[in-house]
2 protein chains.
Amino acid sequence: MAKTDIARRVYNHTWKLDPIVRSLLDTDFYKLLMLQMIWGMYPKVDATFSLINRAKSVRLADEIDEQELRDQLDHARTLRFSKKEMIWLGGNTFYGRKQIFESEFLAWLEDFQLPEYELGKRNGQYELSFHGPWMYTTMWEIPALAIINELRSRAAMRSFGPFGLDVLYARAKAKMWAKTERLRALPGITISDFGTRRRHSFLWQRWCVEALKEGIGEAFTGTSNVLLAMDTDLEALGTNAHELPMVLAALADSKKELRAAPYKVLQDWQRYYGGNLLIVLPDAFGTAAFLRDAPDWVAGWTGFRPDSAPPIEGGEKILSWWREKGVDPRQKLLIFSDGLDVDTIIETYRHFRGKVRMSFGWGTNLTNDFEDCAPEEVTGLNAISLVCKVTEANGRPAVKLSDNPAKATGDPQEIERYLRVFGAQDRVEQLVRV
Amino acid sequence: MAKTDIARRVYNHTWKLDPIVRSLLDTDFYKLLMLQMIWGMYPKVDATFSLINRAKSVRLADEIDEQELRDQLDHARTLRFSKKEMIWLGGNTFYGRKQIFESEFLAWLEDFQLPEYELGKRNGQYELSFHGPWMYTTMWEIPALAIINELRSRAAMRSFGPFGLDVLYARAKAKMWAKTERLRALPGITISDFGTRRRHSFLWQRWCVEALKEGIGEAFTGTSNVLLAMDTDLEALGTNAHELPMVLAALADSKKELRAAPYKVLQDWQRYYGGNLLIVLPDAFGTAAFLRDAPDWVAGWTGFRPDSAPPIEGGEKILSWWREKGVDPRQKLLIFSDGLDVDTIIETYRHFRGKVRMSFGWGTNLTNDFEDCAPEEVTGLNAISLVCKVTEANGRPAVKLSDNPAKATGDPQEIERYLRVFGAQDRVEQLVRV
């Protein structure tokens, strides 16, 4: 008769909480880079982050149990950076640079704790928000999204038996491996994992990262997930996000200051970071406006991360702008990261090959692609466009225009005001899948 | 990095119900023997079985969640005898006899389902009862007890971490193995497992049965658990229980019939079974009264199972009675089964060795002895004296007197009436631990 490890089995079947986020390093690297700058330059600024579910038809509050959500959020609040994690942050080389984090910042980080949250329900959706100093609330974005997305996966899989689950993951693994085989065929391509926030689950993200490591080898340049970077000896990747221009724009006291905000962000950034970390995120208030008003020194930065325009069209506009500024794009870097999957990656790679250096930050479709994998029809395994955005700074509304109006966030009147300042050039509505 | 089987882990941690009873064969063998007789001779008799917790200080309704209990009972009601189980029941040899179960009975058994239950709470205790035809309600006794006892263990272990559980079972295994070492030293001893109803858990009972098989070898004669007997190729053991005389006594229409009931049971039994199955259970209404009024032919039966008097004292009285009837006890069998543990087994074995054949039906202290095993103090792992007794037959109250007044069950006025009929000779109150 088969031997059963009774202790392990009892443990597995009297499970109380299976924590989704088990380390404060289980977040995107750019949050830590931004955090150091916020801590250094804007420690008094308050910022509110709010959950926004763009997939309105998915009633998250019906799919996910509120108590489970609270238990997970509460558990994340118990986390502190561990000694090993602090040593690694202080001793590791990031983007080729040692001691990227100041010792004073690390000393402060040692006591870091995620701040309180506010959770309610309305019309089948959760209203989840984080109020308080920016240097605390900013750290909720990734764990909050990872928790909700994984709770949603768990709820969707609750009806599956052991064979159903076995088949689900077998198919997902086969599908993922087929993607690596297609990518492996592209010489010189570089791909990284940007899939933390939208992942199916932590363990699945880890599997995907390890599959890429084995499957595409050198072409896999690293992961945005700091914990996985540490645990698998990969590069931790990422630079900055829309929250920086959004907060600085919200704090602007005049139209002039508002127009200057996207460039002030870059100047702030440059006080802290250099080299490959000098990546411009141009689309917070529209890429066309950004390029039109950009000072010449912006062309000296390492590269751009177009994040909402169609990749070829958006990338070409940046290449044109570089050429206008007398810069050879082949020395420059484009990082694509908006809703990529293998087809768009390959198409974009082929288009830009030889014209510009490029890299692909592969997110949702890397770590949460279970389409056609489930042995029974469930919608809860389809990834959704869920974000956690800054919505207020020091009590003023924060706005993102984006190149894609479907990705804009903020109060409609404020969006109108921003459009009057920045214009609406090249803004084209596209379906946001993930 | 350690590989995790994601599918298995998701399955383990999204567990809905871990069924305690997974087969209708997961019951005591004597229930099936009695069932065939009840089905054949008393198909129209109604019998109510009720849960009785003799350990009043243990508030079961506080320890065990009502919904979990209902889920387990409901699950047990979904069970049917499987094809493999039916073939085994029909084809196996029991007590050296082929086809112990009639084919008509087996045909009826194929559709057997546990009947409905009634569950309520009062003063921190569950009121659980089963009403209806005896040939259905009788089958609830063992699964109902096994379910409640295992739910209680699970609740007690809920606070344990993986190491706590590992240590708990490690200690319990070491303790159990030390018992087999002591028993192995006794030449000619025969021991069987009677621990289904009070077991800590099914998996733990299975471990104990396998440990005995390996630990004492030939001295281990089998198990009362039919499923384990089938799965481990052991003998299925057991004969009859108090419910037979209790129901027949309740149905008696006169004092004379009442006094004759314990012997009528034996006559009924003999119509169905012979040989080693002719075991007298003498203590339902007091062993002294039973022996005093017993017809001579009772001395021709294979043996007795004294179940409530102290084993040496009670056994000696039966030996004297055999001698009075001109029977050599060395040809006879005593089966001890009341609250045994290694010390009482050894003491009894030494006392009767050479005087009578004997066998030990080891129950609660075999399958539910976790004393001093838990890494933290919990009372919920101490076995309790929980029984499920017949309380009514055709609407009349059923009574057990026992040799130990602490084990008596039934309405106090009825107990008085029975005592007037049978007398109270040799009834001595003893502490009932399990």
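Criteria and thresholds
Residues numbered from 1 in each chain as written. Chains lettered and ligands numbered in written order. Predicted model: local features only at pLDDT ≥ 70, side-chain atom pairs only at ≥ 80, totals over all residues. Heavy atoms only, no water. UniProt positions renumbered as here; feature names shortened; annotations may be inferred. Helix = DSSP H or I, 4+ residues; strand = E, 2+ residues; numbered from the N terminus. Salt bridge = Lys/Arg side-chain N within 4 Å of Asp/Glu carboxyl O. Buried < 20%, exposed > 50% of the residue type's maximum accessible area, 1.4 Å probe, protein only. Core = buried A, V, L, I, M, F, W, Y, C linked by side-chain atoms within 4.5 Å. Contact = heavy atoms within 4.5 Å. Buried area = accessible area lost by both parts, 1.4 Å probe. Nonpolar A, V, L, I, M, F, W, Y, C, P; charged D, E, K, R; others polar. 1 Å grid on protein atoms, 1.4 Å probe; cavity = no way out; pocket = protein on both sides within 12 Å on 5 of 7 lines; lining within 4 Å. Points joined across faces, edges and corners; volume = space filled by probe spheres on them. Least-squares fit on C-alpha atoms with pLDDT ≥ 70 in both. Pairing = 2+ DSSP bridges. Expected span 1.5 Å × (residues − 1).

Taking an unreviewed UniProt entry as the reference, chain A is identified by name as Nicotinate phosphoribosyltransferase belonging to Mesorhizobium marinum. You can read under Catalytic activity (unreviewed entry) in the UniProt record for chain A the words "5-phospho-alpha-D-ribose 1-diphosphate + nicotinate + ATP + H2O = nicotinate beta-D-ribonucleotide + ADP + phosphate + diphosphate".

1. Re the UniProt feature "domain: Nicotinate phosphoribosyltransferase N-terminal" (unreviewed entry) in chain A
Under the UniProt annotation, the feature "domain: Nicotinate phosphoribosyltransferase N-terminal" (unreviewed entry) is placed at residues 25-149 of chain A. In residues 25-149 of chain A, the share of helix is 46% and the share of strand is 18%. The end C-alpha atoms are 18 Å apart.

2. Some thoughts on the pattern of salt bridges
Evaluated as defined, the whole model comprises 61 salt bridges over all chains. Lys-31 of chain B is the salt-bridge partner of Glu-243 of chain B, the closest N and O atoms lying 2.6 Å from each other. One end of the pair, Glu-243 of chain B, is in helix 12 (residues 243-251); the other, Lys-31 of chain B, is in helix 2 (residues 29-41), and 212 residues separate them in sequence. The exposure class assigned to Lys-31 of chain B is buried, which follows from its relative accessible area of 0%. Residue Lys-317 of chain B is joined to Asp-426 of chain B by a salt bridge in which the shortest nitrogen-to-oxygen separation is 3.2 Å. On the criterion of sequence distance, the pair formed by Lys-317 of chain B in helix 15 (residues 311-324) and Asp-426 of chain B in the segment after helix 18 (412-422) is long-range, its members being 109 residues apart. Each of Arg-9 of chain A together with Asp-18, Arg-22, Glu-150 and Arg-154 of chain B takes part in salt bridges that share partners, so that together they form one network.

3. Side note on the nonpolar core
Phe-81, Leu-89, Phe-101, Leu-109, Tyr-169, Trp-269 and Phe-304 of chain A are the most contacted members of the largest nonpolar core, which totals 150 residues. What Leu-109 of chain A contacts, discounting residues up to four positions off in sequence, is Leu-35, Phe-81, Met-86 and Leu-89 of chain A. Judged by nonpolar contacts, the second largest core, of 149 residues, contains Leu-35, Ala-61, Phe-370 and Ala-398 of chain B.

4. Quick look at the interface of chain B and chain A
Listed by partner, the interface residues are 30 residues for chain B and 31 residues for chain A. Approximately 3000 Å² of surface area, both sides summed, lies buried where chain B meets chain A, with 64% of it carried by carbon and sulfur atoms. The interface formed by chain B and chain A holds 2 salt bridges in total. The closest approach of N and O atoms between Asp-18 of chain A and Arg-9 of chain B, which form a salt bridge, is 3.2 Å. With 7 residues, the single largest contributor to the side of chain B that touches chain A is helix 1 (residues 6-13) of chain B. Of the residues assigned to the side of chain B that touches chain A, the class counts are 15 nonpolar, 5 polar and 10 charged.

5. Overview of empty space enclosed by the protein
Residue and element names in this part refer to chain B. Taken as a whole, this structure holds 13 cavities of 30 Å³ or more when the rule is applied. Estimated volume of the largest cavity: approximately 560 Å³. Lining the largest cavity are 33 residues, with Tyr-30, Arg-197, Arg-305, Asp-307 and Ser-337 sitting closest to its centre. Considering every element that reaches the lining of the largest cavity, the biggest residue donor is strand 10 (residues 386-393), with 4 residues. Residue composition of the lining of the largest cavity, grouped by class: 11 nonpolar, 10 polar and 12 charged.

6. Some details on the relation of the copies chain B and chain A
Between the two copies of this chain, the relationship is a rotation about some axis together with a displacement along it. Here chain B sits on chain A after a turn of 180° about the axis and a move of 0.1 Å along it, with an RMSD of 0.0 Å. Such a combination of turn and shift is consistent with a two-fold rotation axis. Minimal C-alpha separation from the rotation axis in chain B is found for Asn-12 of chain B, amounting to 2.8 Å.

7. Notes on the sheet that holds strand 6 (residues 191-193) of chain A
Strand order across the open sheet formed by 6 strands is 7-6-11-10-9-8 (chain A), with parallel pairing between neighbours. Looking at strand neighbours, the two that pair on one side only are strand 7 (220-223) and strand 8 (279-280) of chain A, the edges of this open sheet.

8. Examining the UniProt feature "modified residue: Phosphohistidine" (unreviewed entry) in chain A
All names here are of chain A. As recorded in UniProt, the feature "modified residue: Phosphohistidine" (unreviewed entry) lies at His-242. Here His-242 lies in the loop between helix 11 (226-232) and helix 12 (243-251). We classify His-242 as buried; its relative accessible area is 5%. Among all residues touching His-242, those that are not within four sequence positions of it are Leu-281, Asp-283, Ala-284, Asp-307, Lys-389 and Lys-400.

9. Describing the environment of Gly-195 of chain B
Looking at the element boundaries, Gly-195 of chain B is found in the loop between strand 4 (191-193) and helix 10 (202-216). Assessed through its relative accessible area of 0%, Gly-195 of chain B is described here as buried.

10. Points about helix 2 (residues 29-41) of chain A
Residue pairs three or four apart in sequence face the same way in an α-helix, which turns once every 3.6 residues. Residue and element names in this part refer to chain A. Look at helix 2: 19 Å from first C-alpha to last across 13 residues, which is about the 18 Å you get at 1.5 Å a residue. Where burial is concerned, most of helix 2 is hidden: 11 out of the 13 residues are buried. Regarding helix 2, the residues found buried are Phe-29, Tyr-30, Lys-31, Leu-32, Leu-33, Met-34, Leu-35, Gln-36, Met-37, Ile-38 and Trp-39.

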